[in-house]
Amino acid sequence: MRIAITGTPGVGKTTVSKLLAGRLGYEYTSVKDFAVEHGIGKRVGDEIEIDVDELAEIMDETIGKNVVIDGHLSHYVPVDFVIVLRADPKIVAQRLIERDYLKKKVGENVEAELIDEILVEALEENENVIEVDTTGKTPEEIVEEIVHLLEGGVKRRVGIVDWSDRFDDIVEYLRR
Ligand SMILES: Nc1ncnc2c1ncn2[C@@H]1O[C@H](COP(=O)(O)OP(=O)(O)O)[C@@H](O)[C@H]1O
């Protein structure tokens, strides 16, 4: 199976993807590494702008059958399941600050998590979308939850988080 692990930067995609790939005996690949390896996208400042259609086409032709794809664009790749990781926006903020993200970028990503941006994108691309709230869980617990859902035949589980009640606690990060 091809499984995309997507979500706002900082929710734990890479951590969970590597662990899940190991747990399933699958290949691990990240959109970022793949794009660089295959010359997809162009550098704009210190970021790489990726054409998601080009990415989806080349990845679909190139990657193996059993693979975990890590990245906040991975839901654009044709896969069997899209796992959308969610985390309390305050946790996302704290992790991105630790990663020395600029205040503006922290605000953009906290807002994206607050308004379910990646979930909405994933639902436009794939029927099989499973949302997992990672808040307060260890990477191992998250992986076991994903394995349990997939082994249980769950194809779709969305609408499990609502961060609207967290607004007052994170508004400081949203101010530009
Ligand atoms: N379940 C978790 N519990 C605690 N810390 C976590 C968890 N998942 C990830 N982290 C930490 O959060 C930071 C971001 O994780 P990472 O996997 O790089 O996120 P992403 O790939 O979504 O940007 C890292 O420092 C990582 O160690």
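Above this note sits the structure.
Not measured: the values here are computed from a predicted model.

Draft legend 1. Spotlight on a negative patch on the surface. Together, D51, D53, E54, E57, E61, E124 and E125 make up a region of like negative charge exposed at the surface. Among the secondary structure elements, those contributing two or more residues to the negative patch are α3 (52-62) and α6 (117-125). It is α3 that provides the largest number of residues to the negative patch, a total of four residues. Residue position: E125 is located in helix α6. Of the residues examined, E125 reaches a relative accessible area of 40% and is grouped as partly exposed.

Draft legend 2. Spotlight on the layout of surface pockets. For the largest pocket, the calculated volume is near 1500 Å³. Along the wall of the largest pocket there are 49 residues; nearest its centre are P9, K32, H72, R99 and Y101. Grouping the amino acids of the lining of the largest pocket by side-chain chemistry returns 20 nonpolar, twelve polar and 17 charged.

Draft legend 3. Broad picture of the side chain of T134. Structurally, T134 is set in the loop between β7 (129-133) and α7 (139-151). For T134, the contacting residues outside a window of four places in its chain are V11, L85, R86, A87 and I142.

Draft legend 4. A look at the environment of I58. Within the fold, I58 resides in helix α3. As for I58 and A93, which are separated by 35 residues in sequence, their C-alpha atoms are 33 Å apart.

Draft legend 5. Region of the structure containing the site of the ligand. Lining the immediate environment of the ligand, one finds 14 residues, of which G10, K13, T15, R99 and K137 sit closest. Summarising the interface, the protein chains cover 67% of the accessible area of the ligand, which totals 560 Å² for the free molecule. Structurally, the ligand is housed in the largest pocket. Of all the elements, helix α1 (residues 13-24) adds the most residues to the shell around the ligand, at three residues. Residues of the shell around the ligand, tallied by class, amount to four nonpolar, six polar and four charged.

Draft legend 6. Molecular detail of empty space enclosed by the protein. Counted under the stated rule, the structure contains one cavity of 30 Å³ or more. In this structure, the largest cavity encloses a volume near 30 Å³. Surrounding the largest cavity, G7, T8, V84, L85, R86, A112, E113, D116, E117, I118 and L119 form its lining. At the level of elements, β6 (81-86), α5 (103-114) and α6 are the ones that each hand at least two residues to the lining of the largest cavity. Within the lining of the largest cavity, the residues separate by chemical class into five nonpolar, two polar and four charged.

Draft legend 7. Seen up close, the packing of helix α4 (residues 89-98) against α5. Axis separation between α4 and α5 bottoms out at 9 Å; the angle between their running directions is 155°. Judged on the interaxial angle alone, α5 and α4 are roughly antiparallel. For α4 against α5, the interelement crossing comes out right-handed. Side by side, α4 and α5 meet where P89, V92, A93, L96 and I97 of the first sit next to V106, N109, V110, E113 and L114 of the second.

Draft legend 8. The arrangement of the pattern of salt bridges in detail. The tally for this structure, following the rule as stated, stands at 13 salt bridges. A salt bridge links E145 to R157; the shortest N-O distance between them is 2.8 Å. Highlighted residues: E145 in helix α7 and R157 in the loop between α7 and α8 (167-174), separated in sequence by twelve residues. Judged by its relative accessible area of 25%, R157 falls in the partly exposed class. What emerges from the salt-bridge pattern is a single network uniting R86, E113, D116 and E131.

What counts, and at which threshold
- Residues numbered from 1 in each chain as written.
- Predicted model: local features only at pLDDT ≥ 70, side-chain atom pairs only at ≥ 80, totals over all residues.
- Heavy atoms only, no water.
- Patch = residues over 30% accessible without salt bridge, like charges linked within 9 Å, V, L, I, M, F, W, Y side chains within 5 Å.
- Areas by Shrake-Rupley, 256 points an atom, 1.4 Å probe, with all protein chains shown as cover.
- Salt bridge = Lys/Arg side-chain N within 4 Å of Asp/Glu carboxyl O.
- Lys, Arg positive; Asp, Glu negative; His and termini not counted.
- Charge placed at Lys NZ, Arg CZ, Asp CG, Glu CD.
- Helix = DSSP H or I, 4+ residues; strand = E, 2+ residues; numbered from the N terminus.
- Buried < 20%, exposed > 50% of the residue type's maximum accessible area, 1.4 Å probe, protein only.
- 1 Å grid on protein atoms, 1.4 Å probe; cavity = no way out; pocket = protein on both sides within 12 Å on 5 of 7 lines; lining within 4 Å.
- Points joined across faces, edges and corners; volume = space filled by probe spheres on them.
- Nonpolar A, V, L, I, M, F, W, Y, C, P; charged D, E, K, R; others polar.
- Contact = heavy atoms within 4.5 Å.
- Near = heavy atom within 4 Å.
- Sits in = over half its atoms within 2 Å of the grid points.
- Axes fitted to C-alpha atoms, helices over the stretch in contact; angles between N-to-C directions.
- Parallel < 35°, antiparallel > 145°, perpendicular 65-115°, else oblique.
- Left-handed = near helix turned anticlockwise from the far one by under 90°.

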